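# Chains, contacts and geometry: an overview
Chain by chain, the residues:
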Amino acid sequence: MRTRYVGTTLIAAGALLLGTTSCAKTDAPSDAAAKPRAIKAVAGCGKGSWTDPADRSPDRDPARCDKGAPAPVKLAKPRELTIATGTLSAEYVAPLEMAVKKGEFKKEGLDVKLKVLPTPDALPLLAKGEIDAQWAAPEAAVMNGILGGFDIKWVSGNFSPDPKSKSGLWVRLKQGQSASQVRMAGKKMGTLIGKGSVASYPMNIALKEHGGGLNKIQFQQLGSADVLTGLQNGGVDSAWLLDPIWRKVDGDKRYAFLGGQPQGEPLGGLLYGPNLLSKDPDAGVAFLRAYIRTVNTYFRDDYKKDPAFVAELARLLKTDKKVLQETPSLRMDWEIRSGTTDRLQAAYKAAGVSEGDPLPESKTVNRKLYEEAVGHKP
C-alpha cells in the first residue's frame, strides 16, 4: 500500500491499461459467472475466522483461525505461481515472504516466486495472465484497468494500522496553534505518494476535517529523503509521513498529527487476474489458504513482543531490527470491508486521477476465495 508513484504516472498507467484491453481479455468465464464452489467447514476456523464486512469499527478484532489453520490441502498437481510486489523490504509484505520461507505455499503444492515490479508495469501482465497475482492495492490505475475490461479483482486485504501508529498527515504548527486550529485549505503538502495511491482516501478525510480537501491544497512531490526535511525547514506546510519517519517528529510540540489510514480497514492486499480467478481457482484458494495460515501462525497478535521473531523478521526484510521496533505491529487482516473501493474511487475523483462512472463493488472485489479458505458460508 505505500506506493511511491506520482499521480501522473498512475494516470499514464491507466491509459496504457485502457489501450491494451483487447489483448488482455480471455474467453474464460468471469468468477462472477462461474459455477458456485462448494464451501466446507474448516477445522480451526470457527466463528472468529470471519467478520461482517460492514463492520468498520476501529476496535474491530481482525478475523483469526487457530494457529496452523486452515490446514494445507495439497493440490493434486503442483503449480508454479509468480506474484508481483512493489517491494520486498516493507513490513506489510512480510506474511508472503514468511510463507515462502516457512514452506507454507509448498504444503499446498505451490511453487511461489515473488517478483519486484512497480504497479504500472505489473498490471498489464496480471491482466494478460503473464503473472498470477499482485501484492498491491486497488489504486486509480487498477480501477481504470477494470473499467477498460481487465479481469482483475481485489481478493484479500493486508493490514490496518495499530491505534498507536501515527503514519499519515503531519502539519507544522505556527506559534500558539494546536491541531484543532489548523486550516488546511491553500496549504502545501509534501508527499512521495501520488494522488492515484490508495492513500488519497485517508488524505482526503484528514484534510476535510481541517477545512481542506484534495482539491483545496497544493501537492509537492518529494523524494523519500526530502519529505521530512521539507516539513522541518518550512518548504511545505504539511507532509504525509510513513513508517518509521513520523517517529522523528512525534512528541515535538511544533508538529501535530492530523490523521492516517482508518483503523480496521485494509486498503491493499492481493489482486488476482484471470489465472486464479477463473482458470485455476483451486490454486487461487490454495494460495490464500497458505497466506491466511501464515497470518494466524506468525502474525496473529502483537508479533513484535517476541524479540526473536523481530530479529527473524528483520533478516527476512533485510532491514535493521531497531527500525522495526520503532513502530507498532501492523494488524494483519485478510478481509476486505464493504464499500472500500467506493470510498477509494470517490477520493480518486476528488484528486482528478480517474474518469468515468464509479465501478460497483461487484466489479472490483471478490471475497469468495478467502471465505472458502476458512470455510465461511455467506
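Details of the structure are given in the entry above.
Anyway, here's the lowdown on the structure attached to this text. (Residues numbered from 1 in each chain as written. Predicted model: local features only at pLDDT ≥ 70, side-chain atom pairs only at ≥ 80, totals over all residues. Heavy atoms only, no water.)

## Overview of the packing of aromatic side chains
One pass over the structure, following the stated rule, counts 7 aromatic pairs. Here the aromatic rings of Tyr-303 and Phe-309 are separated by 6.1 Å at their centres, their planes lie at 80°, and the arrangement is edge-to-face. The burial state of Tyr-303 is the same as that of Phe-309; both residues are buried. Ring pairing ties together the aromatic residues Phe-299, Tyr-303 and Phe-309, which thus form one cluster. (Phe/Tyr/Trp six-rings, centres within 6.5 Å; stacked < 30°, edge-to-face > 60°. Buried < 20%, exposed > 50% of the residue type's maximum accessible area, 1.4 Å probe, protein only.)

## Considerations on the state of the cysteines
Taken as a whole, this structure holds 1 disulfide when the rule is applied. Cys-45 shares a disulfide with Cys-65; S-S distance 2.2 Å. Between Cys-45 and Cys-65, the S-S torsion sits near 105°, and that sign places the bridge as right-handed. Of this pair, Cys-45 sits in the loop between α2 (21-24) and β1 (79-85) while Cys-65 sits in the loop between α2 and β1, and the two are 20 residues apart along the sequence. The buried category is assigned to Cys-65, whose relative accessible area is 2%. (Disulfide = S-S within 2.5 Å. Helix = DSSP H or I, 4+ residues; strand = E, 2+ residues; numbered from the N terminus.)

## Notes on the pattern of salt bridges
For side chains bearing opposite charge, pairing can occur when the charged atoms are close. As enumerated under the stated definition, the model contains 24 salt bridges in all. Here Lys-106 makes a salt bridge to Asp-111, at a shortest N to O gap of 3.7 Å. We note a salt bridge from Glu-130 to Lys-128, for which the minimum N-O separation is 4.0 Å. Via salt bridges that share partners, Glu-104, Lys-107, Glu-108, Arg-289 and Arg-293 belong to a single interconnected network. (Salt bridge = Lys/Arg side-chain N within 4 Å of Asp/Glu carboxyl O.)

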